[in-house]
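The primary structure of each chain is shown beneath.
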Amino acid sequence: MAIINFGSINIDHVYQVDHFVQPGETIASSHYQCLLGGKGANQSIALARAGSEVRHVGKINETDVAFKQTMIRDGIDCKHVTCTETASGHAIIQVTPSAENAIVLFGGANHEMTPKDIMYALDIVKSADWVLTQNETNNIDQVLSQAKAKGLKVAFNPAPMTESVKHLPHECIDLLIVNEVEAEEISGRQDLDKMEDYFRQDWPHAEVLITLGKAGVRMLKKDKTINVPAFEVDAVDTTAAGDTFIGYFLSAYSNHADSKTALIRACAASALAVMKMGAAQSIPNKEDVNRFLAKQNLSGRH
């Protein structure tokens, strides 16, 4: 069983600065990092570190092949990560001493996925495979419809949330994963219980996960509502918390773990991620998650 992730690959250029640059101002950076990022790549890394077979589908510039090798070293099948002459998706990130950030994002090669690329990536699949996608690439409607035509389970994380999400073929989605802000934008409701009422009425075909930060997570299934609290830890950087949660949940859930066990495991992985700086480099491996859960005296082993 594999998870085929149609996802973004970004190059993050991170600059440590005393303050955000002002119009007409030139300032020096005290530190610089060039890191692999993007919601798609982060979620593939989380899936791989959780122990899943994951195939990533995406585009990068031909000069950035080293970042593809980084994903391969994490155990990700990158056969369908292809090179293009267009600049890779990237972000220019300013980070201040108080950990505030300002980001300029360029989609680049992430927006060059064609229906043919999607068809080719789905050419040889098994009925038990899942498809995962986010909202940082193009032709998402084609990913959803082609995956469903193949009879595959489809998980969708509409981040970053845009108006276009409301016009996608929602009937093709089996698992919707949103944070509280995204749930509010989709539903038009602010109260969590009213959001639940909306999804039960308007998304009866899908299971819905609403992540709630420090408050944990709520999962809506056809016959019940499951609430799991977050673990209390000292957070230093929440950058990859959501992507870590998604990867670990889907890894466990797609391998037939019961819902609550998968949620606990995902919350544990997310807790470990926020205790480290960075995005992909903060995502824990499954042995770390197992040890954390053992210390908590909880289930969620996988």
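Our structure's up above, just so we're on the same page.
Residues numbered from 1 in each chain as written. Predicted model: local features only at pLDDT ≥ 70, side-chain atom pairs only at ≥ 80, totals over all residues. Heavy atoms only, no water.

Quick look at the nonpolar core
One finds Leu 209, Phe 249 and Leu 263 to be the most contacted residues of the largest nonpolar core, which totals 52 residues. Ranked by residue count, the leading element in this core is helix α8 (residues 259-274), at nine residues. Counting residues in each nonpolar core, the second largest holds 34 residues, with Val 57, Leu 152, Phe 156 and Val 165 among its members. (Core = buried A, V, L, I, M, F, W, Y, C linked by side-chain atoms within 4.5 Å. Buried < 20%, exposed > 50% of the residue type's maximum accessible area, 1.4 Å probe, protein only. Helix = DSSP H or I, 4+ residues; strand = E, 2+ residues; numbered from the N terminus.)

A few points about the pattern of salt bridges
Any two side chains of opposite charge can pair, so long as their charged atoms come close to each other. Scanning all chains against the criterion turns up 10 salt bridges. Note that Arg 55 is salt-bridged to Glu 53, the shortest N-O span being 3.4 Å. The residue Arg 200 makes a salt bridge to Glu 196 at a minimum N-O spacing of 3.1 Å. Taken as a pair, Arg 200 and Glu 196 lie in helix α6 (residues 192-202) at a separation of four residues, close to a single helical turn. Given a relative accessible area of 11%, Glu 196 falls into the buried group. Counted as one network, the salt bridges with shared partners bring together Asp 193, Glu 196, Arg 200 and Arg 218. (Salt bridge = Lys/Arg side-chain N within 4 Å of Asp/Glu carboxyl O.)

Some thoughts on the layout of surface pockets
Empty space among the atoms becomes apparent when a probe as large as a water molecule is rolled across them. Of the pockets and cavities examined, the second largest pocket occupies roughly 270 Å³. Lining the second largest pocket we find 14 residues, and of these Trp 130, Lys 153, Asp 174, Glu 207 and Tyr 253 sit closest to its centre. Considered class by class, the residues forming the lining of the second largest pocket number six nonpolar, four polar and four charged. (1 Å grid on protein atoms, 1.4 Å probe; cavity = no way out; pocket = protein on both sides within 12 Å on 5 of 7 lines; lining within 4 Å. Points joined across faces, edges and corners; volume = space filled by probe spheres on them. Nonpolar A, V, L, I, M, F, W, Y, C, P; charged D, E, K, R; others polar.)

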